[in-house]
Amino acid sequence: MIRWLVGLIGLGLAATSAFAADPVMIGVGYLGLAGTRSTLSTLSLVEQPAENDGVAGARLAIEDNNTTGKFLGQRFALEERRIREGEDAVQAATALAKKNGFVIADLPADALLKVADALRERGTLLFNAGAIDERLREADCRANVIHTAPTRAMLADALGQYLVWKQWKRWLLVVGSHDEDKLFADALRRTATRFGAKIVQERTFEDAGGARRTDSGVTLIQRQMPVFTQQAPSYDVLVAADESEVFGAYLPYRTWDPRPVAGSAGLVPRSWDAAQDQWGAIQMQNRFIKLNSRRMTALDMQAWTAVRMIGEATSRTNSGDVKKVADFIKGPDFSVAAFKGTRLTLRDWNLQLRQPILLVDGRMVVSVSPQEGFLHQVSELDTLGYDRPESKCKLK
């Protein structure tokens, strides 16, 4: 009994000593563009991007990490840096990396690649929370960049699976004239071939420029869209590729034929939506609203997931060492919970986070892909996007 009491006292003293010790500081940087998202006018007045879009999700995850970290002697801190027009992204990233071993990036693809190459020798681990470009996971993949943002192929496959499951296999594809629109159209064509849908016709909507609201009154749009979509071959659904936000929102209820709209308008594939309330999501949604007085976006969630991946790995390894954390995240034992009905893991061949994709209509989550019946020998989540045998990624 005496020996047992002495041992118990020893454990208590050890625990007290651990709590009294200074916590291990784990710095996380957030690198984004200044003003770009907030100054871009969307067609809808109710969907204007917030100034803190993305970083707000990272801040919430820092709080979540610190809730667990205080029991493990770990303390997380977030440092934000915004790049102004003309400013060097590499210089800004290097300044962040001096104090932070992990950096969440919301940057265009070219800027992200420059930053990744510049920080490689430092050992900084980057998390791509914003860029959905396929090439970042394929020909231009990097071993120090983990992707929490889905790819265009993942989004297109998620939508395509649902449309095929509904037996809406005949698509009228309408593509915008900007480069991003064309990339999404490429992904949709691949999806149609992959899952047995047929694109009965393609049409291009040319962006003539001008103010998208003042030059496009209700009367003009009401007349323009039916004419633009008339005389099409028989189709089940109109699929729009309009990442540049020029025409997609004008399509629902205005097409010549009474058909549903999907893609960039109507039924939209997203990594997250404010309507998501399953699998405990409503509790996190409420916490986010309390902190930010607005609803959580896909970019917020992608940044939140990146910071939570860091928190999960540091707690599992009981270390703030960047290399140990990176090795664990890339290893077979890593997973992270993200209120999507399943734990998310990393594709080891291109460092893309596997994740379900929500299909939303602006008010509700209509469905979640992968859909029932789309099977895979490893993970059903690998039916979304490029699978291992298709990948051209050589991590370096």
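Our subject in this report is the structure included herewith. Along each chain, the written sequence defines residue order, and numbers are assigned to residues from 1. Confidence filtering applies because this is a predicted model: local features only for residues at pLDDT of at least 70, side-chain atom pairs given and counted only at 80 or more, and all residues used for totals across whole chains, interfaces and linings. To obtain the side-chain values, all non-hydrogen atoms of the structure were used and water was disregarded.

1. Some thoughts on the nonpolar core
For this analysis, a nonpolar core means a set of buried residues of the types Ala, Val, Leu, Ile, Met, Phe, Trp, Tyr and Cys, connected via side-chain atoms within 4.5 Å. Categorising residues by exposure relies on relative accessible area from a 1.4 Å probe, with only protein chains included: less than 20% of the type maximum marks a residue as buried, more than 50% marks it as exposed, and the intermediate range marks it as partly exposed. If you look at the biggest cluster of nonpolar residues, it comprises 41 residues, and the most contacted ones within it are Ile104, Phe127, Met309 and Ile329. Elements with a contribution of two residues or more to this core: β1 (24-33), α3 (55-72), β3 (102-106), β4 (125-128), α9 (281-292), α10 (298-317) and α11 (322-330). Numbered from the N terminus, helices here are DSSP runs of H or I no shorter than four residues, and strands are runs of E no shorter than two. The element best represented in this core is α10, accounting for eight residues. Throughout, a residue-residue contact means that at least one pair of heavy atoms, one from each residue, lies within 4.5 Å. Once you skip the residues sitting within four places of it in the chain, Ile329 turns out to touch Leu125, Phe127, Ile146, Met309, Ala313, Phe334 and Leu346. Membership of the second largest hydrophobic core comes to 29 residues, among which are Leu163, Phe184, Phe374 and Leu384.

2. Overview of the packing of aromatic side chains
Note on ring pairs: Phe, Tyr and Trp rings are taken, using the six-membered ring of Trp, and paired if centres are within 6.5 Å. Classes follow the plane angle, with under 30 degrees stacked, over 60 edge-to-face and the rest tilted. Inspection of the entire model under this criterion finds six aromatic pairs. Geometrically, the ring pair formed by Phe205 and Phe247 is stacked, given 4.8 Å between the ring centres and 20° between the ring planes. Of this pair, Phe205 sits in strand β7 (residues 198-205) while Phe247 sits in the loop between β8 (237-241) and β9 (261-263), and the two are 42 residues apart along the sequence. Residue Phe205 is classed as buried on the basis of its relative accessible area of 11%.

3. Some thoughts on the state of the cysteines
Criterion for a disulfide: a pair of cysteine sulfur atoms within 2.5 Å. Within this structure, the stated rule accounts for one disulfide. The partner cysteine of Cys141 in its disulfide is Cys393, sulfur to sulfur 2.1 Å. Across the S-S bond linking Cys141 and Cys393, the dihedral sits near 100°, which makes this disulfide right-handed. You can see Cys141 sitting in the loop between β4 and β5 (145-147) and its partner Cys393 sitting in the segment after β12 (365-369), a full 252 residues away along the chain. Judged by its relative accessible area of 1%, Cys141 falls in the buried class.

4. Here's the deal with α3
Expected span of a helix, by definition, is 1.5 Å for each gap between consecutive residues, and there is one gap fewer than residues. In a regular helix each residue adds 1.5 Å, so 18 residues correspond to 26 Å; α3 covers 25 Å between its end C-alpha atoms and thus fits that length. If you look at α3, its biggest bend is around 30°, right at Asn66. Every buried residue of α3 is accounted for by Val55, Ala56, Gly57, Ala58, Leu60, Ala61, Ile62, Asp64, Asn65, Asn66 and Gly69. At the exit of α3 stands Gly73, carrying a positive phi of roughly 70°. One axis is fitted to the seven residues ending at the residue and one to the seven starting there. The bend at that residue is the angle between these axes.

5. Description of unusual backbone geometry
Following Ser369, the chain continues to Pro370 via a peptide bond in cis, the omega torsion being 15°. Along the chain, Pro370 turns up in the segment after β12. Positive phi, close to 60°, is recorded for Gln231, a residue that is not glycine. We note that Glu245 has phi near 60°; this positive angle belongs to a residue other than glycine. By relative accessible area, which is 24% here, Glu245 ends up partly exposed.

6. Structural notes on the environment of Gln355
Within the element layout of this structure, Gln355 appears in the loop between α11 and β11 (357-360). Taking the C-alpha atoms as reference points, Gln355 and Leu344, 11 residues apart in sequence, are found 5.8 Å from one another. Once you skip the residues sitting within four places of it in the chain, Gln355 turns out to touch Thr148, Ala149, Pro150, Met154, Ser271, Lys340, Leu344, Leu381 and Leu384. Counting of polar contacts relies on pairs of N or O atoms within 3.5 Å, with two restrictions inside protein: one atom must be capable of donating a hydrogen and the other of accepting it, and residues adjacent in sequence are counted only when both atoms are side-chain atoms. A polar contact is formed between the side chain of Gln355 and the side chain of Lys340, at a distance of 3.0 Å.

7. Here we look at the pattern of salt bridges
Opposite charge on two side chains permits pairing when their charged atoms draw close. One speaks of a salt bridge when a side-chain nitrogen belonging to Lys or Arg is within 4 Å of a carboxyl oxygen belonging to Asp or Glu. Within this structure, the stated rule accounts for 26 salt bridges. Salt-bridge contacts for Arg270 lead to Asp273; the nearest nitrogen and oxygen are separated by 3.0 Å. Look at Arg270 and you get partly exposed, because its relative accessible area is 28%. Through salt bridges with shared partners, a single ionic network connects Asp157, Arg190, Arg194 and Glu390.

8. Focus on the packing of helix α4 (residues 89-97) against helix α5 (residues 109-119)
Note on method: axes are straight lines fitted to C-alpha atoms, helices fitted across the in-contact stretch only, with angles between N-to-C directions ranging 0 to 180 degrees. Put simply, α4 and α5 touch, their axes get as near as 9 Å, and they point 45° apart. In terms of axis orientation, α4 runs oblique to α5. Once α4 is placed against α5, the crossing between them reads as right-handed. Across from Ala89, Val90, Ala93, Thr94 and Ala97 in α4, the residues of α5 making contact are Ala111, Lys114, Val115, Ala118 and Leu119. Three classes are used, and their members are as follows: Ala, Val, Leu, Ile, Met, Phe, Trp, Tyr, Cys and Pro are nonpolar, Asp, Glu, Lys and Arg are charged, and the others, Gly among them, are polar. Broken down by class, the residue content of the contact of α4 with α5 amounts to eight nonpolar, one polar and one charged. Roughly parallel here means an angle under 35 degrees, roughly antiparallel means over 145, roughly perpendicular means 65 to 115, and every remaining angle is called oblique. Each helix crossing is assigned a hand: it is left-handed if the near helix lies turned anticlockwise from the far helix by less than a right angle, otherwise right-handed if that turn is clockwise.

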